[in-house]
Amino acid sequence: MKNIIRLSPLFVGLIIITSCKTLTKKDTFIDESKENIKQIFSKENNQLEIRFSCGEDGISKYINDGWVVVKESTEEKICTWKSVPATKNCQMEKDKGCKIKMPDKIGQEKIYLLER
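Here the structure is a predicted model, which is why all the values come from computation and not from measurement. (Residues numbered from 1 in each chain as written. Predicted model: local features only at pLDDT ≥ 70, side-chain atom pairs only at ≥ 80, totals over all residues. Heavy atoms only, no water.)

*Asks:* I'd love a proper account of the pattern of salt bridges, names of residues and values included.
*Replies:* This structure, assessed with the given rule, holds three salt bridges. One salt bridge in this structure joins R51 and E49, with 3.4 Å as the shortest N-O distance. On the basis of relative accessible area, R51 is assigned to the partly exposed category, the value being 25%. Each of E49, R51, K77 and E109 takes part in one network of salt bridges that share partners. (Salt bridge = Lys/Arg side-chain N within 4 Å of Asp/Glu carboxyl O. Buried < 20%, exposed > 50% of the residue type's maximum accessible area, 1.4 Å probe, protein only.)

See below:
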């Protein structure tokens, strides 16, 4: 009975250790190729706010449909992230705590305010 009580923390520790998943080295990509469209309707005119990120640009189809660009602005945006070791002795595949995420590619987000 005393042996079971002594070994119970060992069994609990083994269960906790074996239940953890291993991390894989994977670069994440923020997919913002889809347009972010916000429509603002009023009685007098229609307004549309469109955002294009990381080199995407499809404003010409709106201009061809009769929309007029009222305001245009750009913001800096992170397009992709990369995983890097926190220290030079870090093994990212084995040590979970030493992997950090850093911006990889930084692009521009264009914001258009259109009006019809």
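*Asks:* So what's going on with the packing of aromatic side chains? Which residues, and what values?
*Replies:* Summed over all chains, the structure comprises one aromatic pair. Between F52 and Y112, the aromatic rings sit 6.1 Å apart at their centres with planes inclined by 65°, giving edge-to-face as the arrangement. Linking F52 in strand β2 (residues 46-53) with Y112 in strand β4 (residues 99-115), this pair joins segments that are 60 residues apart in sequence. Given the relative accessible area of 4%, F52 is considered buried. (Phe/Tyr/Trp six-rings, centres within 6.5 Å; stacked < 30°, edge-to-face > 60°. Helix = DSSP H or I, 4+ residues; strand = E, 2+ residues; numbered from the N terminus.)

*Asks:* Lay out unusual backbone geometry in plain terms, naming residues and giving numbers.
*Replies:* A positive phi angle is found at C54, which is not glycine, with a value near 55°. Positionally, C54 belongs in the loop between β2 and α2 (59-64). For C54, a relative accessible area of 30% gives the class partly exposed.

*Asks:* Describe the nonpolar core, and please don't skip the residues or the numbers.
*Replies:* By size, the foremost hydrophobic cluster in this structure holds eight residues: L48, I50, F52, I59, Y62, W67, Y112 and L114. Among the elements of the structure, β2, α2 and β4 are those that each provide at least two residues to this core. Sorting elements by how many residues they give to this core places β2 first, with three residues. When residues no more than four places from it in sequence are discounted, the contact partners of I59 are F52, Y112 and L114. (Core = buried A, V, L, I, M, F, W, Y, C linked by side-chain atoms within 4.5 Å. Contact = heavy atoms within 4.5 Å.)

*Asks:* Account for the confidence of the model for the protein chain, with residues named and values stated.
*Replies:* On average, the protein chain scores 78 in pLDDT, and the residues at 70 or more come to 75%. Mean pLDDT across the elements of the protein chain bottoms out in strand β1 (residues 36-41) (60) and peaks in strand β3 (residues 68-85) (91). Within the model, the stretch residues 24-33 combines pLDDT values under 50 with 21 contacts to residues more than four positions away or in other chains. (pLDDT = per-residue confidence, 0-100.)

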